[in-house]
Amino acid sequence: MSLLDYFRSSRSKGTASVAKERLQILVAHDRSERHRPSYLPKLQREILDVIRKYVEVDMSAVSVNYEQEASREILELNIILPDTARNRA
Amino acid sequence: MARIIVITSGKGGVGKTTTSAALAMGLAQRGHRTAVIDFDVGLRNLDLIMGCERRVVYDFVNVINGEASLNQALIRDKRCDSLYILPASQTRDKEALTKEGVGKVLEELSQGFDFIVCDSPAGIEHGATMAMYYADDAVVVTNPEVSSVRDSDRMLGILSSKSRRAETNAEPIREFLLLSRYDPARVANGEMLSVEDVQEILSLDLLGVIPESRAVLNASNAGVPVILDGESDAGKAYGDAVARYLGEQVPHRFLTVQKKGFFSRLFGG
């Protein structure tokens, strides 16, 4: 390895650590998706339909989050009601 | 009863067939009666890597369809009496592998063999899921490269949900990592994921690390499983992996840059 190569390689140091970081995020995301129950999208759609009977909200107003911990599963529902709905009530 | 081992990866070109040939030969050389099956219907290659492509008469699909007996289709390796090869069909559709048909063939093989090595095709389609469905053990072949690592993780998810063991709530498949095409010099330069990096991401038992080696291409050119090239780094690394699979404690080799001797520096080696 020549002196030039030495400097060149030390400059490019770090692509492996970038790869590792990207993979860690990606794999964690893939795994959480994998363990989600398959009914989640349908659940989200039906909840939205019920809410829409009463309030005008769009699809992005409902978020369903699923988390799995050692001994329990958490289903988190987050519904953002529009300002007008609150005023009416 | 035979132990069924699937060699899988998700991604193509990472060394599944090279690994299948090497592990099967290694197990057979140690006296275990071993059969190695090519599941890549339509793109068979194991016969080439094993060097028995001109002796193929019947194949896996013929046996499943009852057009040939298992004994007619199995090819005995000329170098090792305990090793048999069951080639894939080159002409059929991959759907020819039915779950029942594959199960029946594996069941029959189980009677006469100690180990059955299943060489999976790339991807997560039918052939790949058939190759892993009946497995007891899985060797996940991974290159230290982002797409291969990601695909391996995807494969692990499939192994733990879509195999027979998963469906019957039996003891889960034992999963091993085999890291291939490893280049210690590039790892030292920070250009390539290290064994530790890949292990940390996949959290799997490490069966072996196969260094990037010219011996692999030389071996496939000649139709000789690389494990038979006992002088080569890759051959030795596969030998170690077989020993580890059988429960021996063998330290990992070829993880650091090999210092070149004076003569190899002088003449290039």
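Quick caveat, the model's predicted, so the values are computed rather than measured.

(A) Expanded view of the packing of helix α7 (residues 146–162) of chain B against helix α10 (residues 195–202) of chain B. All names here are of chain B. Here α7 crosses α10 at 35°, and the two axes come no closer than 10 Å. Seen along the crossing, α7 lies across α10 with a hand that is right-handed. The segment α7 lies against α10, with Val149, Ser152, Asp153 and Leu156 engaging Val198, Ile201 and Leu202. Along the lines of polarity and charge, the residues of the contact of α7 with α10 split into 5 nonpolar, 1 polar and 1 charged.

(B) Structural view of the interface of chain A and chain B. Facing 16 residues of chain A, the contacting portion of chain B comprises 17 residues. A buried area of about 1500 Å², summed over both sides, lies between chain A and chain B, and 52% of it is on carbon and sulfur atoms. When residues of chain A are sorted by the area they lose upon contact with chain B, Lys20(A), Leu23(A) and Arg34(A) head the list and together hold 34% of the total. The tally of links between chain A and chain B comes to 4 salt bridges. A salt bridge links Arg31(A) to Asp153(B), with the nearest nitrogen and oxygen atoms 2.5 Å apart. Our enumeration of links across chain A and chain B arrives at 7 residue pairs in polar contact (both at pLDDT 80 or more). No other element matches helix α2 (residues 15–34) of chain A, which puts 11 residues into the side of chain A that touches chain B. Each residue belonging to the side of chain A that touches chain B can be placed in one class, and the counts come to 6 nonpolar, 5 polar and 5 charged.

(C) Just the pairing of strand β1 (residues 3–8) of chain B, in detail. Residue and element names in this part refer to chain B. By the criterion of burial, β1 is predominantly enclosed, with 5 of the 6 residues buried. Examined bridge by bridge, β1 and strand β6 (residues 137–142) share 4 bridges and lie parallel to one another. Within β6, the residue paired with Thr8 across the bridge is Val140.

(D) Layout of the pattern of salt bridges. Residue and element names in this part refer to chain B. For the structure shown, the criterion picks out 15 salt bridges over all chains. Across the pair Arg165 and Asp136 runs a salt bridge, and its minimum N-O distance is 2.8 Å. Of the two residues, Arg165 is situated in helix α8 (residues 164–167) and Asp136 in the loop between α6 (126–133) and β6; the sequence distance between them amounts to 29 residues. You can call Asp136 buried: its relative accessible area is 10%. The shortest N-O distance in the salt bridge between Arg186 and Glu191 comes to 2.7 Å.

(E) Structural view of the nonpolar core. Residues and elements named next belong to chain B. Ranked by size, the top nonpolar core spans 54 residues in total, and within it Phe39, Phe60, Leu86, Leu97, Val102 and Leu109 carry the most contacts. Residues contacting Phe39, with those up to four places away along its chain left out, are Phe60, Leu97, Val102, Cys118, Asp119, Ser120, Pro121, Gly127, Met130 and Ala131. Formed by 39 residues, the second largest nonpolar core is a distinct cluster that contains Ile49, Met50, Ala237 and Val242.

(F) Region of the structure containing helix α1 (residues 16–29) of chain B. Residues and elements named next belong to chain B. With 14 residues, α1 ought to run about 20 Å at 1.5 Å a step, and its terminal C-alpha atoms sit 20 Å apart, in line with that. Extensive coverage of α1 is indicated by the burial of 12 of its 14 residues. Listed as buried for α1 are Lys16, Thr18, Thr19, Ser20, Ala21, Ala22, Leu23, Ala24, Met25, Gly26, Leu27 and Ala28. Positive phi appears at Gly31, one or two residues downstream of α1, with a value of about 95°.

(G) Here's a closer look at the environment of Gln44(A). Residues and elements named next belong to chain A. By the element assignment, Gln44 lies in helix α3 (residues 40–54). With 21 residues separating them along the chain, Gln44 and Asn65 place their C-alpha atoms 9.8 Å apart. Those residues in contact with Gln44 that sit more than four places away from it in its chain are Met59, Val62, Ser63 and Val64.

(H) Region of interest: the environment of Ala243(B). Residue and element names in this part refer to chain B. Inspection of the secondary structure puts Ala243 in helix α12 (residues 233–245). When the C-alpha atoms of Ala243 and Ser82 are compared, they prove to be 17 Å apart, with 161 residues separating the residues in sequence. Excluding its chain neighbours within four sequence positions, the residues that come into contact with Ala243 are Arg30, Glu248 and Val250.

(I) Representation of α10(B) within the structure. What α10(B) keeps buried is the set Val195(B), Asp197(B), Val198(B), Ile201(B) and Leu202(B). What you see down the axis of α10(B) is that its buried residues fit within an arc of 165°, all on one side. Next to the buried residues of α10(B) lie α2 of chain A together with β6, α7, β7 (174–182) and β8 (205–211) of chain B. A positive backbone phi angle near 35° is found at Ser203(B), which sits one or two residues after α10(B).

(J) Molecular detail of the sheet that holds strand β3 (residues 75–76) of chain B. Residue and element names in this part refer to chain B. Taking strand neighbours across the sheet as the criterion, the 8 strands line up as β3-β4-β2-β5-β1-β6-β7-β8 in an open arrangement whose pairing is mixed. The open sheet is flanked by β3 and β8, the only strands paired with a single partner. Bridge analysis of strand β2 (residues 34–38) against strand β5 (residues 115–119) gives 5 bridges, and the strand direction is parallel. Opposite Thr34, over in β5, you have Phe115 as the bridge partner. Against the sheet, α10 contacts β6, β7 and β8, and its axis sits at roughly 150° relative to β7.

Reading the values: rules and limits
- Residues numbered from 1 in each chain as written.
- Chains lettered and ligands numbered in written order.
- Predicted model: local features only at pLDDT ≥ 70, side-chain atom pairs only at ≥ 80, totals over all residues.
- Heavy atoms only, no water.
- Axes fitted to C-alpha atoms, helices over the stretch in contact; angles between N-to-C directions.
- Helix = DSSP H or I, 4+ residues; strand = E, 2+ residues; numbered from the N terminus.
- Left-handed = near helix turned anticlockwise from the far one by under 90°.
- Contact = heavy atoms within 4.5 Å.
- Nonpolar A, V, L, I, M, F, W, Y, C, P; charged D, E, K, R; others polar.
- Buried area = accessible area lost by both parts, 1.4 Å probe.
- Salt bridge = Lys/Arg side-chain N within 4 Å of Asp/Glu carboxyl O.
- Polar contact = N/O pair within 3.5 Å; in protein donor to acceptor, adjacent residues only side chain to side chain.
- Buried < 20%, exposed > 50% of the residue type's maximum accessible area, 1.4 Å probe, protein only.
- Pairing = 2+ DSSP bridges.
- Core = buried A, V, L, I, M, F, W, Y, C linked by side-chain atoms within 4.5 Å.
- Expected span 1.5 Å × (residues − 1).
- Arc of directions from axis to C-beta.

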